[in-house]
Every structure is written in structure tokens, then in C-alpha cells.
Amino acid sequence: MADRKIGVLVSGRGSNLQALIDNIRAGVLPVKISVVISDNGAAYALARARAAGIAACVIERGRFADKAAFEKALSEKLEECGAELVAMAGFMRLLGTYFINRWPLRIMNIHPSLLPSFPGLNAQAQAIEYGAKISGCTVHFVDEGMDTGPIIIQKAAPVLGNDTEDALSARILEQEHLAYTEAIRLWAENRLEVSGRLVKIK
Ligand code: GRF
């Protein structure tokens, strides 16, 4: 059976994208990345995609009159490339109604905290400031809220006594790179069953 196709949305560094590329190459993630789309022309993730021979394109929000028009362009590009799942990997925008209605339970995001703790920006700094002893990462389906959709996989990482934001981010990132592959592999193997906000792994 042909590998299922996914599209990846990025805005920056792209280390999660790289982990997916590496795991596909290593034969542990049975999907094909058919397109990488960035909303930022300077994203290093674009170079990673091109180096791996993956179609990469830039779709900037500023070129569109409103959010729906921007999301329509994103959606059309993904469809044109045959994507069945959209993986947000450091994509720094909240998707709106247009996009979410078009890709129901077909958008995943990775967030650097154990949701529902510390949603939104700077999740690692939030965990340190709050005094959490354990944080980690969450892969979830995307709904219209900020990091609120059904949780697929979580992995923990300790918060150490004298942690800096950078040190904790790096520790969590190692877990992110494992978790995203695991979640997408479960999807590719048709092993995710969603009922309300509960995701059962078959
Ligand atoms: C990751 O920490 C991810 O959880 C968050 O944005 C960061 C992206 O990192 N959503 P990278 O671009 O994948 O290296």
C-alpha cells in the first residue's frame, strides 16, 4: 500500500520537521511528506525540506486581505499536493474556522507542555515560573481553541531546580521529536479513534 501523504506547516527552525524526515528515511514512519508550507520566507525549515527533496513553498499572511483568504490558499496548496493530514510543526498561527472546518480531525499540532497546563506562547518559561516539577510535550488534534484539541500523545520531561528556559526547551524538544513521529505513525496505521475529546489508541 502506498504511504499516506501529509503536509507540514512551519514558521521557523524546523527541528520537528527534521525529525519526521529522518524517521521516514529510517523506515519507522510510514508516510510521505508531500509539501512543506511556511508563512515565513526566512524559515530555516524551508532549507531542511529542500535538502530532503520535499516541495517547499511560502504562503505569507500579509499577501491576503483576510485570514480566511490566507487559509483558503494554504488549504488549496495542501489539497493540490494530496495531503491527507496537516502537521503543524512550529507554525506560529492560530488556525481559524475556514481551515479547521475543511480539515476536521486531520490537523495535528505539537506543543511544548503537558496540556492543559501552559497553553499558548513560551510554554517552557511558563512551566519554570509556575514552579512545575514535570513538564513535557503534547501532540493533539487542532480545534479552534488555543492548544485545546483532543490529546493524542504526551511525553514528560523533568523541570530541574535551576533550569533556564533554553535548558528545559532542549530537554522537552528531545521528547517532541519522539512524540510527533509516534502520533503520526498511529494515524497512518489507522489506530486513532476519536470520540468527543477522547482519543483512543487501538
Ligand atoms: C516546538 O517547541 C513546538 O513544540 C512548538 O514550536 C517549536 C517548534 O520547533 N510548537 P521546531 O521549529 O520544530 O524546531
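Residues numbered from 1 in each chain as written. Predicted model: local features only at pLDDT ≥ 70, side-chain atom pairs only at ≥ 80, totals over all residues. Heavy atoms only, no water.

Student: I'm lost on the overall build of the chain in this one. Help?
Tutor: What the chain contains, in helices and strands, is six helices and nine strands. Computed over C-alpha atoms, the radius of gyration of the chain comes to 16 Å, within 12% of the 17 Å expected from 2.2 N^0.38 for 202 residues, which places it in the range of a compact globule. For the C-alpha atoms alone, the extent of the chain along its principal axes is close to 50 × 40 × 35 Å. Taking all 202 residues of the chain together, the buried fraction comes to 50%. Taking as baseline every contact in the chain between residues at least 6 positions apart, the subset at least 24 positions apart corresponds to 62%. Accessible surface computed for the chain: about 9600 Å², of which carbon and sulfur atoms make up 52%. (Helix = DSSP H or I, 4+ residues; strand = E, 2+ residues; numbered from the N terminus. Rg over C-alpha atoms; globule rule 2.2 N^0.38 Å. Buried < 20%, exposed > 50% of the residue type's maximum accessible area, 1.4 Å probe, protein only. Contact = heavy atoms within 4.5 Å. Areas by Shrake-Rupley, 256 points an atom, 1.4 Å probe, with all protein chains shown as cover.)

Student: What is the right way to read the site of the ligand from this model?
Tutor: For the ligand, the full set of nearby residues is R13, G14, S15, N16, G90, I110, H111, P112 and E176. Within the backbone of G14, an N or O atom sits 2.8 Å from an oxygen atom of the ligand. Contacts to the ligand include I110, whose backbone N or O atom sits 3.0 Å from a nitrogen atom. When the ligand sits alone it has 370 Å² of accessible area, and the protein chains cover 87% of it. Put simply, the parts of the chain that give the shell around the ligand at least two residues each are α1 (15–25) and β5 (107–111). Looking at side-chain class alone, the shell around the ligand contains two nonpolar, five polar and two charged residues. Taken together, domain 1 (1–103) and domain 2 (110–202) each give at least three residues to the shell around the ligand, which thus spans both. (Near = heavy atom within 4 Å. Polar contact = N/O pair within 3.5 Å; in protein donor to acceptor, adjacent residues only side chain to side chain. Nonpolar A, V, L, I, M, F, W, Y, C, P; charged D, E, K, R; others polar. Domains from an automatic or database assignment.)

Student: Looking at this model, I keep getting lost on the environment of A69. Mind explaining?
Tutor: Within the secondary structure layout, A69 lies in helix α3 (residues 67–80). Residues A69 and Y98, spaced 29 residues apart in sequence, show a C-alpha to C-alpha distance of 8.9 Å.

Student: Would you mind going over the domain arrangement of the chain with me for this structure?
Tutor: Note: interface size is frequently given as the accessible area lost on complex formation between the parts. For the chain, the assigned domains are domain 1 (1–103) and domain 2 (110–202). The centre of domain 1, based on its C-alpha atoms, is set 19 Å off from the matching centre of domain 2. On the domain 2 side, the residues contacting the 23 residues of domain 1 number 17 residues. A combined buried area of about 1800 Å² lies between domain 1 and domain 2, and 67% of that area is made up of carbon and sulfur atoms. (Buried area = accessible area lost by both parts, 1.4 Å probe.)

Student: Any chance you could explain the side chain of D163 here in plain terms?
Tutor: Position of D163 among the secondary structure elements: in the loop between β7 (151–158) and α6 (165–188). Owing to a relative accessible area of 12%, D163 belongs among the buried residues under this scheme. Of note is the side chain of D163, whose polar atom sits 2.9 Å from the backbone nitrogen of L160. A polar side-chain atom of D163 sits 2.7 Å from a polar atom in the side chain of R171. Ignoring sequence-local partners within four residues, the contact set of D163 consists of I128, P158, L168 and R171.

Student: When you look at the sheet that holds β7 in this model, what are you seeing that I'm missing?
Tutor: The strands making up a sheet associate through backbone hydrogen bonding, with each pair oriented either parallel or antiparallel. Spatially, β3-β2-β1-β4-β5-β6-β7 is the arrangement adopted by the seven strands of the open sheet, whose pairing is mixed. Here the strands that pair on one side only, and so sit at the sheet edges, are β3 (56–58) and β7. If you compare each strand with its neighbour and ignore which way they point, the axes differ by 20° on average. Direction of pairing for strand β1 (residues 4–10) relative to strand β4 (residues 85–88): parallel, over a ladder of four bridges. Residue pairing in the sheet places V8 in a bridge with A87 of β4. Along the sheet, α1 contacts β1, β2 (31–38) and β5; its crossing angle with β2, the most-contacted strand, is approximately 160°. Sheet strands in contact with α6 are β1, β2, β4, β5, β6 (134–141) and β7, and its direction is about 155° off that of β7. (Pairing = 2+ DSSP bridges. Axes fitted to C-alpha atoms, helices over the stretch in contact; angles between N-to-C directions.)

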